[in-house]
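What the coordinates show
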2 protein chains.
Amino acid sequence: MRRMTARPANAHQARLLKLLRDGGPNSRAQLGDQVDLSRSKLAVEVDRLLETGLVVADGLAASRGGRRSHNIRLAPALRFLGVDIGATSVDVAVTNAELEILGHLNQPMDVREGPVAVFEQVLSMAAKLRASGLAEGYDGAGIGVPGPVRFPEGVPVAPPIMPGWDGFPVREALSQELGCPVMVDNDVNLMAMGEMHAGVARSVGDFLCVKIGTGIGCGIVAAGDVHRGVTGSAGDIGHIQAVPDGRPCACGNRGCLEAHFSGAALARDATDAAQQGRSEELAARLAANGGLTAVDVAAAAAAGDATALALIREGGDRVGQVIAGLVSFFNPGLVVIGGGVTGLGHTLLATIRTQVYRQSLPLATGNLPIVLGELGPTAGVIGAARLISDHLFSPA
Amino acid sequence: MRRMTARPANAHQARLLKLLRDGGPNSRAQLGDQVDLSRSKLAVEVDRLLETGLVVADGLAASRGGRRSHNIRLAPALRFLGVDIGATSVDVAVTNAELEILGHLNQPMDVREGPVAVFEQVLSMAAKLRASGLAEGYDGAGIGVPGPVRFPEGVPVAPPIMPGWDGFPVREALSQELGCPVMVDNDVNLMAMGEMHAGVARSVGDFLCVKIGTGIGCGIVAAGDVHRGVTGSAGDIGHIQAVPDGRPCACGNRGCLEAHFSGAALARDATDAAQQGRSEELAARLAANGGLTAVDVAAAAAAGDATALALIREGGDRVGQVIAGLVSFFNPGLVVIGGGVTGLGHTLLATIRTQVYRQSLPLATGNLPIVLGELGPTAGVIGAARLISDHLFSPA
DNA sequence: CCGTCTTTGTCCTGTGAGTGGAGAAAGTTG
DNA sequence: CAACTTTCTCCACTCACAGGACAAAGACGG
């Protein structure tokens, strides 16, 4: 089965493709309003895109008082695969060229099983989505992994929570298996791109996206571009010292943010509290499920459990303090909170806000919204699709 | 007296001007090797620049085995004014178009006297430089102020240490007085630009430039561009919490980095130590000068005074800890330490390095140089000249 | 001193990108 | 059915740019 072979031949075509991706179908006239090209030149470029099959003209739009326009849209058969590998689960989704999710699967998994096992699972999920008729094949795939990535090569480097992935040629391997171009990035960066494309960060050029899941990371967007740092580890805030001489962390230091607040730390704290008899609510849940997660803490807090609330507040204080520092440093226009623990909801958010607004200078916080992500678990896969589409919709 | 009136007419010309600024005089052939234009097109653009007077052809270069080339250089009469307003002194310098310092003045001053008084002083210094024959006039000026700046307008906003400057139209006022274009930025950003142009950060795209003077700030360069944040307060790290429940700070919080280590804090600590009899060395200097500054502490430390050394180490630990967090977050390729307290030299640097290398993840620090700035007090004025030249050497 | 080679710079022509206007096509409205 | 709008196409003209031919100016060996 032949998939997308063509790429935009020049910057104009790339621009048009991205406009159609982000703005949906458009007439030639509407496109002309957005690109600062003469109508004639625009017509030429659109015609060339039509020839390549990247875009199609389907039907006429309603008249706006004159001749009806032809709708130009991205080829409806284009399919992108978005993969978001977390520490304990995988998300795989198919999107169309406008990055709308057509189908989405989520399965539990352990990254520590290594790339081979995980890839097998990802490929079977991709095959299942294809088999269900959502895609005849994939024109490109984006994949996020929970660790630093050498971006140009698409290779994880020194990932703390996923040993066995270090140096594994993710991009190349997946590209081989799927038979399409692949781009790899850190999962947090993809979440940021997702929220920038279709979530709360639409049309925000400078923002931070803090993802609190099993670990903690931060996507950094400056002037509309993701900042990845020189070795791809930018945003790795989990090991910033939050508590002087605090708890020992897996990294060898003490007092790391991640050791004091993250999905894993919260679960451990809750279990301790339950076992020590400090919370009946949590103890009951522990007995019922045989284990506790952030979800249990959220439920207990919602039920009014004081211990659970205290845990959330304490954690929120830690994260808030670190975020306050980052806000002073980076002066973003928006802070997005996402990841697994967003189930903790308003209590967490309120605590973080209090810390940030109290500790950062008014000039930096005066007009700074701190909000929860809008897309939840789909942020990562949408970001992944966006990543590969950005790549494919650029001149070859 | 007529000054530079022309601006590059297109991106090619702008590129050529910047090449000549950063690389010095060049032949057409050498320029051609750097710009990816045909020789004919290049010749046309160079001719146009010659017509405008922005560049001149002066003499022939030595032969390299064939016809001798004509030297093309930026107009030798072009003069930029670089102004660096600190908390307690002003630096003013004249540069040629290659941003080489032709004359440099430094005078003590107190920003708190307000913009009018300070401007008077700056203008008289600029006049003195002109009178000494270094410049017939100024083609542009860059100015750095020790506080956040709304960059597009060139107006300081809510600057904590310089009340009275809030909202003062620095750019417009100075432009009026000098009769040339002016650009305004934060002093730390200009230091970063200076080190990027002619100092240790040459050809580094992502780095941090920490300036420790009366206060503490950090210049952020991402992908070769200064990141200023949405309100111009990016890099304002002086009020990041360094010590939980630490010393009260002028900003109203406790434990701010600036309250624990900066030129001002260090002077205060040293004075306390001298008065409490903890250091004979410092006490002697206090008696001799009637006051202490970071310079005294540096001298005492150099003389082997244990208390002075301890003060430096303690401060270095604080700054190092904060920098460690920023390194984890931003993943720069270089950290430059500059500002008044660089006189503390190797002791300070060693302490900072220890903290950063100990607290940040190996991937971020593995190949991370942490060095002192190369330009000292000239970094700011060179950065200022670079700022305005970047502006003037861009298409109008 | 002279021919050959190298480097630098200029000139000229062909190509393709891009603009802007004329006008055709396809509507709406009165 | 005429007048007006909006959309799209066609065409002629301009300008940017590449690339080759060629002139200028020097090095170098014989």
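Because the structure is a prediction, the values reported are computed rather than measured.

Before going further, it helps to examine the state of the cysteines. Evaluation of the coordinates by the stated rule reveals zero disulfides over all chains. As a non-bridged cysteine, Cys249 of chain A has Cys251 of chain A as the owner of its nearest cysteine sulfur, 3.8 Å distant. With no disulfide of its own, Cys256 of chain B has Cys251 of chain B as its nearest cysteine by sulfur position, at a separation of 3.5 Å.

Moving on, we get to the pattern of salt bridges. Should the charged atoms of two oppositely charged side chains come close, the side chains can pair. Residues and elements named next belong to chain B. Evaluation of the coordinates by the stated rule reveals 30 salt bridges over all chains. Here Asp390 ties to Arg21 by a salt bridge, and the two come within 2.8 Å at their closest N and O atoms. Highlighted residues: Asp390 in helix 14 (residues 378-392) and Arg21 in helix 1 (residues 11-23), separated in sequence by 369 residues. Arg21 shares its class with Asp390; the two are buried. A salt bridge links Asp296 to Arg285, with the shortest nitrogen-to-oxygen separation between them at 3.4 Å.

Take the interface of chain B and chain A next. Listed per partner, the contact involves 38 residues of chain B and 38 residues of chain A. For the chain B and chain A pair, buried surface summed over both sides reaches about 3100 Å², with 62% attributable to carbon and sulfur atoms. Where chain B packs against chain A, one counts zero salt bridges. Where the side of chain B that touches chain A is concerned, the elements lending two or more residues are strand 11 (216-222), helix 11 (306-330), helix 12 (345-359) and helix 13 (362-365) of chain B. Here the side of chain B that touches chain A gets six residues from one element, more than from any other, and that element is helix 11 of chain B. Residue classes in the side of chain B that touches chain A are distributed as 19 nonpolar, 15 polar and four charged.

Taken together, 21 residues are adjacent to DNA strand D, and Arg67 and His70 of chain A together with Ser38, Ser40 and Lys41 of chain B come closest. Within 4 Å of the protein, the contacting atoms of DNA strand D are drawn from sugar and phosphate to the extent of 62%. Contact distances for DNA strand D include 2.5 Å between a base oxygen and a side-chain N or O atom of Ser40 of chain B. At 2.8 Å, a side-chain N or O of Lys41 of chain B approaches a phosphate oxygen of DNA strand D. Going through the elements one at a time, helix 2 (28-35) and helix 3 (39-52) of chain A together with helix 3 (39-52) of chain B are the ones with two or more residues in the surface near DNA strand D. When residues of the surface near DNA strand D are assigned to their parent elements, the largest contribution, three residues, is made by helix 3 of chain B.

Below, the discussion takes up the nonpolar core. Formed by 98 residues in total, the largest nonpolar core has its most connected members in Ile323, Phe329 and Ile337 of chain A together with Ile323, Phe329 and Ile337 of chain B. Once residues lying within four places of it in the same chain are set aside, the contact partners of Ile337 of chain B are Met191, Val210, Ile212, Ile323, Thr342, Leu349, Ile352, Ile370, Val371, Leu372 and Gly373 of chain B.

Turning our eyes to something else, we now look at the sheet that holds strand 10 (residues 207-212) of chain B. Residues and elements named next belong to chain B. Spatially, the five strands line up as an open sheet ordered 12-11-10-13-14, and their pairing is mixed. Of all strands in the sheet, those with a lone pairing partner are strand 12 (225-226) and strand 14 (370-372), marking the two edges. As defined by bridge partners, strand 10 adjoins strand 13 (residues 335-338) across four bridges and the pair is classed as parallel. By the bridge assignment for strand 13, Leu208 is matched with Val335. Together, strand 13 and strand 14 form the strand contacts of helix 12, whose direction differs from that of strand 14 by roughly 160 degrees.

Moving on to the domain arrangement of chain A. Assigned domains within chain A: domain 1 (11-74), domain 2 (80-196 + 378-392) and domain 3 (202-372). For domain 1 of chain A and domain 3 of chain A, the distance between their C-alpha centres works out to 44 Å.

Once that is clear, we can look at the packing of aromatic side chains. The final tally for this structure, using the stated rule, is nine aromatic pairs over all chains. Between Phe119 of chain B and Trp165 of chain B the ring centres are 5.9 Å apart and the planes differ by 75 degrees, which places this aromatic pair in the edge-to-face class. Separated by 46 residues along the polypeptide, Phe119 of chain B in helix 4 (residues 115-131) and Trp165 of chain B in the loop between strand 8 (155-156) and helix 5 (170-178) bring together distant segments of the chain. Judged by its relative accessible area of 0%, Trp165 of chain B is buried. Ring centres of Phe119 of chain B and Phe168 of chain B lie 5.7 Å apart, and the angle between their planes is 85 degrees; on these two criteria the pair is classed as edge-to-face. Taken as a pair, Phe119 of chain B in helix 4 and Phe168 of chain B in the loop between strand 8 and helix 5 lie far apart in primary sequence, 49 residues in all. Since its relative accessible area comes to 6%, Phe119 of chain B is described here as buried. Through pairs of rings, three or more aromatic residues link up here, namely Phe329 and Phe330 of chain A together with Phe329 and Phe330 of chain B. Arg228 of chain A extends its terminal NZ or CZ atom over the ring of Phe151 of chain A, reaching a point 3.6 Å from the ring centre.

What follows is about the side chain of Ser328 of chain A. Assignment of secondary structure puts Ser328 of chain A in helix 11 (residues 306-330). On the accessibility criterion, Ser328 of chain A (4% relative accessible area) is buried. For Ser328 of chain A, the contacting residues outside a window of four places in its chain are Ser360 and Leu361 of chain A together with Ser233, Ala234, Gly235, Asp236 and Ile240 of chain B.

Looking now at the sheet that holds strand 11 (residues 216-222) of chain A. Residues and elements named next belong to chain A. Reading across the sheet, the five strands line up as 12-11-10-13-14 and stay open at both edges, with mixed pairing between neighbours. A single partner strand is all that each edge strand has here, and the edge strands are strand 12 (225-226) and strand 14 (370-372). Sitting on the sheet, helix 6 (residues 187-198) touches strand 10 (207-212), strand 11, strand 12 and strand 13 (335-338), and the angle it makes with strand 10 is about 125 degrees.

A word on the relation of the copies chain B and chain A. Structural alignment of chain B on chain A gives an RMSD of 0.0 Å, achieved by rotating through 180 degrees and translating 0.0 Å along the axis. Taken together, the turn and the small shift mark the pair as related by a two-fold rotation axis. Most of the interface of chain B is mirrored in chain A: 100% of its interface residues are interface residues there too.

Attention now goes to the packing of helix 1 (residues 11-23) of chain A against helix 2 of chain A. What describes two packed helices is the angle between their axes and the distance between those same axes. All names here are of chain A. Where helix 1 contacts helix 2, the axes come no closer than 11 Å and their chain directions differ by 115 degrees. Viewed along their axes, helix 1 and helix 2 adopt a mutual orientation that is roughly perpendicular. Handedness of the crossing formed by helix 1 with helix 2: right-handed. Of the residues in helix 2, those touching helix 1 at Arg15, Leu16, Leu19 and Leu20 are Leu31, Gln34 and Val35. A breakdown of the residues in the contact of helix 1 with helix 2 according to their chemical character gives five nonpolar, one polar and one charged.

Looking now at helix 14 of chain B. For helix 14 of chain B, with 15 residues, the first-to-last C-alpha span of 21 Å sits near the 21 Å given by 1.5 Å per residue. Among the 15 residues of helix 14 of chain B, 14 are classified as buried, and the element is accordingly described as predominantly covered.

Bringing the protein's contact with DNA strand C into the picture now. Around DNA strand C sit 21 residues, and of these Ser40 and Lys41 of chain A together with Arg64, Arg67 and His70 of chain B come closest. Considering the 4 Å shell around the protein, atoms of DNA strand C inside it are sugar or phosphate in 61% of instances. Here a base oxygen of DNA strand C sits 2.8 Å away from a polar atom, N or O, in the side chain of Arg67 of chain B. His70 of chain B has a polar backbone atom sitting 2.7 Å from a phosphate oxygen of DNA strand C. Counting only elements with at least two residues in the surface near DNA strand C, the list comes to helix 3 of chain A together with helix 2 (28-35) and helix 3 of chain B. Looking at the surface near DNA strand C residue by residue, the classes come out as two nonpolar, eleven polar and eight charged.

How each quantity is defined
- Residues numbered from 1 in each chain as written.
- Chains lettered and ligands numbered in written order.
- Predicted model: local features only at pLDDT ≥ 70, side-chain atom pairs only at ≥ 80, totals over all residues.
- Heavy atoms only, no water.
- Disulfide = S-S within 2.5 Å.
- Salt bridge = Lys/Arg side-chain N within 4 Å of Asp/Glu carboxyl O.
- Helix = DSSP H or I, 4+ residues; strand = E, 2+ residues; numbered from the N terminus.
- Buried < 20%, exposed > 50% of the residue type's maximum accessible area, 1.4 Å probe, protein only.
- Contact = heavy atoms within 4.5 Å.
- Buried area = accessible area lost by both parts, 1.4 Å probe.
- Nonpolar A, V, L, I, M, F, W, Y, C, P; charged D, E, K, R; others polar.
- Near = heavy atom within 4 Å.
- Polar contact = N/O pair within 3.5 Å; in protein donor to acceptor, adjacent residues only side chain to side chain.
- Core = buried A, V, L, I, M, F, W, Y, C linked by side-chain atoms within 4.5 Å.
- Pairing = 2+ DSSP bridges.
- Axes fitted to C-alpha atoms, helices over the stretch in contact; angles between N-to-C directions.
- Domains from an automatic or database assignment.
- Phe/Tyr/Trp six-rings, centres within 6.5 Å; stacked < 30°, edge-to-face > 60°.
- Lys NZ or Arg CZ within 6 Å of the ring centre and 35° of its normal.
- Least-squares fit on C-alpha atoms with pLDDT ≥ 70 in both.
- Parallel < 35°, antiparallel > 145°, perpendicular 65-115°, else oblique.
- Left-handed = near helix turned anticlockwise from the far one by under 90°.
- Expected span 1.5 Å × (residues − 1).

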